[in-house]
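Now for the letters of each chain:
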Amino acid sequence: MTPISTQAAWNWLNGKAIPTHERMMVLANWLNVEPSTLRFGSDAQRSPDGATDRLGIGQIDYLDRQFMETYLALPAVERRLMQEIVRRFSLAQP
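This structure is a prediction, so every number in the text was calculated from the model and none was measured.

What counts as what
Residues numbered from 1 in each chain as written. Predicted model: local features only at pLDDT ≥ 70, side-chain atom pairs only at ≥ 80, totals over all residues. Heavy atoms only, no water. Axes fitted to C-alpha atoms, helices over the stretch in contact; angles between N-to-C directions. Helix = DSSP H or I, 4+ residues; strand = E, 2+ residues; numbered from the N terminus. Parallel < 35°, antiparallel > 145°, perpendicular 65-115°, else oblique. Contact = heavy atoms within 4.5 Å. Nonpolar A, V, L, I, M, F, W, Y, C, P; charged D, E, K, R; others polar. Phe/Tyr/Trp six-rings, centres within 6.5 Å; stacked < 30°, edge-to-face > 60°. Buried < 20%, exposed > 50% of the residue type's maximum accessible area, 1.4 Å probe, protein only. 1 Å grid on protein atoms, 1.4 Å probe; cavity = no way out; pocket = protein on both sides within 12 Å on 5 of 7 lines; lining within 4 Å. Points joined across faces, edges and corners; volume = space filled by probe spheres on them. Salt bridge = Lys/Arg side-chain N within 4 Å of Asp/Glu carboxyl O.

Participant: Explanation requested: the packing of helix 4 (residues 62-73) against helix 5 (residues 76-92) in the structure shown.
Facilitator: The relative placement of two packed helices is expressed as an angle between their axes plus a distance between the axes. Where helix 4 meets helix 5, the axes come as close as 8 Å, and the angle between the chain directions of the two elements is 130 degrees. In terms of orientation, helix 4 and helix 5 fall into the oblique class. The residues of helix 5 that touch helix 4, namely those facing F67, Y71 and L72, are R79, M82 and Q83. Class assignment of the residues belonging to the contact of helix 4 with helix 5 gives a composition of four nonpolar, one polar and one charged.

Participant: Mind showing me how you'd approach the packing of aromatic side chains here?
Facilitator: To describe a pair of aromatic rings, you give the distance between the ring centres and the angle between the ring planes. Scanning the model with the defined rule gives one aromatic pair in all. Judged by centre distance (6.5 Å) and plane angle (20 degrees), the ring pair of F67 and Y71 falls under stacked. Placement of the pair is F67 and Y71 together in helix 4, with a separation of four residues, close to one helical turn. Here Y71 falls in the buried class, since its relative accessible area comes to 14%.

Participant: Help me out: how do you make sense of the layout of surface pockets in this one?
Facilitator: It is a probe the size of a water molecule, rolled over the atoms, that shows where empty space is left. Estimated volume of the second largest pocket: approximately 220 Å³. Forming the walls of the second largest pocket are A9, W12, L13, I18, P19, M24, L27, L31, L38 and R39. The set of elements that each furnish at least two residues to the lining of the second largest pocket consists of helix 1 (6-13), helix 2 (21-31) and helix 3 (35-40). Classifying every residue of the lining of the second largest pocket by side-chain character gives nine nonpolar, no polar and one charged.

Participant: Would you mind showing me how to read the pattern of salt bridges here?
Facilitator: Two side chains carrying opposite charge are able to pair once their charged atoms lie near each other. For the coordinates displayed, the defined rule picks out two salt bridges. One salt bridge connects E84 with R87, and the closest N-O pair in it is separated by 2.7 Å. Note that E84 and R87 are positioned in helix 5 at a spacing of three residues, about one turn of the helix. For R87, a relative accessible area of 40% translates into the label partly exposed. Salt-bridge contacts for R88 lead to E84; the nearest nitrogen and oxygen are separated by 2.6 Å. Placement of the pair is R88 and E84 together in helix 5, with a separation of four residues, close to one helical turn. Residue R88 is classed as exposed on the basis of its relative accessible area, which comes to 56%. Classification of E84 as partly exposed rests on a relative accessible area of 27%. Salt bridges sharing common partners tie together E84, R87 and R88.

What follows is the structure in structure tokens.
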């Protein structure tokens, strides 16, 4: 991955731009925090009323979160393909 410019970092820090998904993952790894924390803040796992979100995202491990972040970054057509793959795997389970 190529280095970023001082201007790019300044834009990120001042809310003028958002890092790409790939850069966000590198930053999260470097800072040893969850990517969702960088993107949404430390209360990302909670809804506005303070309850855990309905999917239980706060209860899944880092690799599952990373998978979800990657999945959500896919174009809609590719997300539908992944949904179908998961659906077929779930139907194959006893």
